[in-house]
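Single-letter residue listing:
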Amino acid sequence: MIIPPRKLASSQDVTPETLFWNRRRLIRAAAAAGLVPLAERAQADALRLAGKANFAGDEELTPWKTVTGYNNFYEFGTGKEDPAERSAQFRPLPWTLTIDGEVHKPQTVDVGALLARPLEQRIYRFRCVEAWSMVVPWDGLPLRDLLKRAEPTAHARYVAFETVLRPEEMPGQRTGILDWPYREGLRLDEAMHELTFLALGVYGKPLPNQNGAPIRLVVPWKYGFKSIKSIVRIRLVREQPPTTWNMRAPREYGFYANVNPDVDHPRWSQKTERRLGDFFRRPTLPFNGYAEQVAGLYKGMDLRKQF
Ligand code: MTE
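Residues numbered from 1 in each chain as written. Predicted model: local features only at pLDDT ≥ 70, side-chain atom pairs only at ≥ 80, totals over all residues. Heavy atoms only, no water.

Looking at the site of the ligand
Taken together, the neighbourhood of the ligand is formed by 18 residues, with Met-1, Tyr-74, Glu-75, Cys-128 and Lys-229 sitting nearest. Here Glu-75 contributes a side-chain N or O atom positioned 2.8 Å from a nitrogen atom of the ligand. A distance of 2.7 Å is found between an oxygen atom of the ligand and a side-chain nitrogen or oxygen belonging to Lys-229. If the ligand stood free it would expose 540 Å²; the protein chains cover 100% of that surface. Residue composition of the shell around the ligand, by class: nine nonpolar, six polar and three charged. (Near = heavy atom within 4 Å. Polar contact = N/O pair within 3.5 Å; in protein donor to acceptor, adjacent residues only side chain to side chain. Areas by Shrake-Rupley, 256 points an atom, 1.4 Å probe, with all protein chains shown as cover. Nonpolar A, V, L, I, M, F, W, Y, C, P; charged D, E, K, R; others polar.)

See the structure below:
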């Protein structure tokens with residue numbers, strides 16, 4: 001994610017990745033030359049877990065090191081390596097998640113207890129608005145399993161999510177870079193879709209702090225910023241709720257945020273993406289490759305206007 005511009009002109013300028021990519025290129029070149037005994041990709045394959053529901057076809061997994069070392073989590077800073085480096089003080093357990101608002105049975109969920117249950121394992125493509133993407137093996141449960149337990153009323157039309165507010169443990173929250181706490185929202189039918197997932201783990205381990213411990217959202221057909229981390233409250237509401245990036249830069253980040261190669265971001269094209277670890281860019285697919293499953297949710301909408 002990027003703080004709105006003012007003077008920057010292109011994604012190359014605003015994504016200071018040169019160092020990162022140079023290092024990765026070196027690693028891959030070294031691996032190809034047989035200089036690195038266990039290339040990162042091989043490591044990922046070694047960690048590939050059996051029995052996962054695979055929503056990414058035969059695409060290679062992004063290595064653990066990248067999934068947990070290159071993050072967006074502004075509560076811990078704006079740099080991609082800040083979350084891994086600055087989140088050690090964060091205490092993800094014990095943790096309760098409240099589900100309230102337009103529901104018949106408000107719930108207080110003990111997330112520690114959820115973690116103790118058998119979790120569903122799913123591999124999803126994940127794409128950030130900044131045009132990088134990865135393939136991640138998550139563990140968790142469909143959001144709709146929790147929402148159904150709370151029994152939404154007939155008035156519930158949207159779902160509002162909120163991240164924990166703990167400035168003492170989250171240095172970014174001691175700055176005014178965003179309006180805290182981080183907030184996101186979905187339409188109820190999006191939230192109830194079978195692809196929408198609450199992740200509690202990655203690569204078979206509980207979520208590291210930098211990935212949104214202990215519980216975060218994954219909406220695989222939308223840009224990564226919808227996938228809100230460290231959630232403490234889920235509220236069912238009647239009106240479209242305010243969301244962090246939409247409030248921060250409404251021209252750049254809409255409420256829907258469906259991955260859409262046909263709608264340029266005001267400062268860059270959305271037509272291609274770089275899978276972390278790859279050298280070449282690849283075309284971006286509508287709805288991040290999940291069009292068959294989700295395009296029906298948006299029938300009749302002008303997705304250029306409702307971006
Ligand atoms: N959730 C919170 N609370 N704060 C954030 O800054 N960043 C979002 C999303 N969820 C963010 C957040 C963005 S921009 C992205 S791309 C994804 O988290 C990144 O998830 P990852 O670090 O696990 O890849």
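Having seen it, we continue.
Structural notes on the sheet that holds strand β2 (residues 96-101)
Spatial strand order, β3-β2-β11-β6-β7: five strands in an open sheet with mixed pairing. Pairing within the sheet leaves two strands with one partner each, and these edge strands are β3 (107-110) and β7 (183-187). Ignoring which end each strand starts from, the neighbouring axes of this sheet average 15 degrees apart. Of the strand pairs in this sheet, β2 and strand β11 (residues 231-237) are connected by four bridges, and their pairing is parallel. Looking at β11, one finds that Ile-99 is bridged to Ile-234. (Pairing = 2+ DSSP bridges. Helix = DSSP H or I, 4+ residues; strand = E, 2+ residues; numbered from the N terminus. Axes fitted to C-alpha atoms, helices over the stretch in contact; angles between N-to-C directions.)

Observations regarding the packing of aromatic side chains
Inspection of the entire model under this criterion finds 17 aromatic pairs. Look at Trp-64 and Tyr-203: their rings are 6.2 Å apart centre to centre, the planes differ by 75 degrees, and that puts the pair in the edge-to-face class. One end of the pair, Trp-64, is in helix α4 (residues 64-67); the other, Tyr-203, is in the loop between β8 (197-202) and β9 (205-206), with 139 residues separating them in the sequence. For Trp-64, a relative accessible area of 26% gives the class partly exposed. Tyr-203 sits in the buried class, given a relative accessible area of 4%. On the basis of an interplanar angle of 85 degrees and a centroid distance of 5.4 Å, the ring pair of Tyr-74 and Trp-245 is categorised as edge-to-face. Taken together, the residues span a long stretch of sequence, with Tyr-74 in the loop between α4 and α5 (82-86) and Trp-245 in helix α9 (residues 244-248) at a distance of 171 residues. Just as Tyr-74 is buried, Trp-245 falls in that class too. One aromatic cluster is present, formed by Tyr-158, Phe-255, Tyr-256, Phe-287 and Tyr-298 through successive ring pairs. Over the ring of Trp-64 we find Lys-205, and its NZ or CZ is 4.4 Å from the ring centre. The ring of Phe-255 has Lys-226 sitting right over it, with the charged end atom 4.3 Å from the ring centre. (Phe/Tyr/Trp six-rings, centres within 6.5 Å; stacked < 30°, edge-to-face > 60°. Buried < 20%, exposed > 50% of the residue type's maximum accessible area, 1.4 Å probe, protein only. Lys NZ or Arg CZ within 6 Å of the ring centre and 35° of its normal.)

Quick notes on unusual backbone geometry
Pro-94 follows Leu-93 through a cis peptide bond whose omega is -5 degrees. Positionally, Pro-94 belongs in the loop between α5 and β2. Omega for the peptide link from Trp-180 to Pro-181 comes to -5 degrees, which places this bond in the cis form. Here Pro-181 lies in the loop between β6 (158-163) and β7.

Structural notes on the side chain of Lys-52
Tracing the chain through its elements places Lys-52 in the loop between α3 (40-47) and β1 (53-55). Only 3.3 Å separates the side chain of Lys-52 from the side chain of Asp-139, close enough to count as a polar contact. Once you skip the residues sitting within four places of it in the chain, Lys-52 turns out to touch Gln-121, Arg-122, Ile-123, Pro-137, Trp-138 and Asp-139. (Contact = heavy atoms within 4.5 Å.)

Some words on the pattern of salt bridges
Once the charged atoms of two side chains with opposite charge are near each other, the side chains can pair. Following the criterion strictly, the structure yields 19 salt bridges and no others. With a closest N to O distance of 2.7 Å, Lys-80 and Glu-130 form a salt bridge. Highlighted residues: Lys-80 in the loop between α4 and α5 and Glu-130 in the loop between β4 (120-127) and β5 (132-142), separated in sequence by 50 residues. Accessibility expressed as a relative area gives 14% for Lys-80, which makes it buried. For Glu-130, a relative accessible area of 7% translates into the label buried. We note a salt bridge from Arg-275 to Glu-273, for which the minimum N-O separation is 3.9 Å. Across the pair, Glu-273 and Arg-275 agree in class, each one buried. Through salt bridges with shared partners, a single network forms among Glu-59, Arg-125, Arg-127, Glu-273, Arg-275, Asp-278 and Arg-282. (Salt bridge = Lys/Arg side-chain N within 4 Å of Asp/Glu carboxyl O.)

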